[in-house]
Amino acid sequence: MMRPLPIIHSRTEHVVDSRRELLDLEFGNGERRRYHRLVSSGHGSVIIAALPDPDTVLLVREYCAGTQRYELGLPKGRMDAGEDPLAAANRELKEEAGYGARKLTRLRAITQAPGYMTHEIHLVLAEDLYPERLPGDEPEELEVVPWKLDELHELMLRDDCSEGRSLAALFIVRELVRRRA
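Here the structure is a predicted model, which is why all the values come from computation and not from measurement.

Mapping Val173 onto the fold places it in helix 3 (residues 164-180). In this structure Val173 comes out as buried when scored by relative accessible area, which is 0%. As a C-alpha pair, Val173 and Ala49 span 124 residues in sequence and 7.3 Å in three-dimensional space. Apart from residues no more than four positions distant in its own chain, Val173 is found in contact with Ala49, Leu51, Leu107, Leu123 and Leu125.

Our focus in this paragraph is the nonpolar core. Of all hydrophobic cores here, the largest spans 22 residues; its most connected members are Val57, Leu59, Leu74 and Leu155. Those elements giving two or more residues to this core turn out to be strand 4 (45-50), strand 5 (56-64), strand 9 (120-131), strand 10 (143-148), helix 2 (152-155) and helix 3. With five residues, helix 3 is the single largest residue contributor to this core. Non-local contacts of Leu155, meaning those with residues more than four positions away in its chain, are made with Leu59, Leu72, Trp147, Cys161 and Leu170. Residues Met79, Ala97, Leu129 and Leu142 belong to the second largest nonpolar core, which totals 15 residues.

Let us look at the packing of aromatic side chains. Scanning the entire structure with this criterion turns up two aromatic pairs. Ring plane angle 45 degrees and centroid distance 6.1 Å describe the contact between Phe27 and Tyr35, whose orientation is recorded as tilted. For Phe27, a relative accessible area of 28% gives the class partly exposed. Ring centres of Tyr63 and Tyr70 lie 5.8 Å apart, and the angle between their planes is 70 degrees; on these two criteria the pair is classed as edge-to-face.

This part covers the sheet that holds strand 10. With antiparallel pairing, the three strands of this open sheet are ordered in space as 6-5-10. Strand pairing shows two members of the sheet lacking a second neighbour, strand 6 (69-73) and strand 10, which therefore form its edges. Across the sheet, the mean angle separating the axes of adjacent strands is 30 degrees when strand polarity is ignored. When strand 5 meets strand 10, the two strands line up antiparallel, connected through six bridges. When the bridges of strand 10 are listed, Leu59 appears paired with Val145.

Attention now moves to the side chain of Ser45. Turning to its location among the elements, Ser45 is positioned in strand 4. The buried category is assigned to Ser45, whose relative accessible area is 6%. Every residue in contact with Ser45, bar those within four places of it in the chain, is listed here: Gly77, Arg78, Met79, His119, Glu120, Ile121 and His122.

Turning our eyes to something else, we now look at the pairing of strand 3 (residues 32-38). As paired elements, strand 2 (residues 20-26) and strand 3 share seven bridges and run antiparallel to each other. Directly across from Glu26, in strand 3, lies its bridge partner Arg32. Two successive antiparallel strands, strand 2 and strand 3, enclose a turn made up of five residues, where Gly30 displays a positive phi of approximately 90 degrees.

The next subject is the layout of surface pockets. Any space left empty among the atoms is revealed by the rolling of a water-sized probe across them. Of the voids in this model, the largest pocket is the one considered here, and its volume is about 830 Å³. Along its surface, the largest pocket is lined by 32 residues, and Ser45, Gly77, Arg78, His119 and Arg165 are the ones closest to its centre. Breaking the lining of the largest pocket down by element, the ones donating at least two residues are strand 4, strand 5, strand 7 (76-78) and helix 1 (85-97). Here the second largest pocket is characterised by a volume of approximately 230 Å³. Looking at the second largest pocket, it is lined by 14 residues, and the ones nearest its centre are Leu23, Leu25, Tyr35, Arg37 and Pro114. Broken down by secondary-structure element, the contributors of at least two residues to the lining of the second largest pocket are strand 2 and strand 3. Here the lining of the second largest pocket gets three residues from one element, more than from any other, and that element is strand 3. Broken down by class, the residue content of the lining of the second largest pocket amounts to ten nonpolar, three polar and one charged.

Here is what the cut-offs are and how they apply
Residues numbered from 1 in each chain as written. Predicted model: local features only at pLDDT ≥ 70, side-chain atom pairs only at ≥ 80, totals over all residues. Heavy atoms only, no water. Helix = DSSP H or I, 4+ residues; strand = E, 2+ residues; numbered from the N terminus. Buried < 20%, exposed > 50% of the residue type's maximum accessible area, 1.4 Å probe, protein only. Contact = heavy atoms within 4.5 Å. Core = buried A, V, L, I, M, F, W, Y, C linked by side-chain atoms within 4.5 Å. Phe/Tyr/Trp six-rings, centres within 6.5 Å; stacked < 30°, edge-to-face > 60°. Pairing = 2+ DSSP bridges. Axes fitted to C-alpha atoms, helices over the stretch in contact; angles between N-to-C directions. 1 Å grid on protein atoms, 1.4 Å probe; cavity = no way out; pocket = protein on both sides within 12 Å on 5 of 7 lines; lining within 4 Å. Points joined across faces, edges and corners; volume = space filled by probe spheres on them. Nonpolar A, V, L, I, M, F, W, Y, C, P; charged D, E, K, R; others polar.

Below you can see the structure in the form of structure tokens.
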């Protein structure tokens, strides 16, 4: 049984940071609460699971300022104005991994912190790959690392693979591939 969503009585934008807002909510039982949330900016983003074959996914190793190290993860990036998730995924794949895809499928949205953020990232499955590189915004060429889907248990224990969206997406894709077989 689905509960009715709380009634939003007001939304107040934060004075200093327009990406933050305060919601005045009323729940079905009459309780009222205020929730702070971060509002996503831009046009959205994509994360790409590129399969050169049904058993392998392409990861990229790139510098991550937040952890001050190189991390393994799926290619990802922002969508440009007017760009749909499939076009953005193909562009980002070409920029970050040097491949395009003839077959692209949007699988689902993944959230980072749905309790206080509106941001979602579109998980796109890329298949039937071909080599093609586009210039990207990375300061250096990214290392492409093929990884066997059956070895995700090893990847998830590595210190250099800590990005939650990539890990979640990889398990979703592995399950999809297993169900196809």
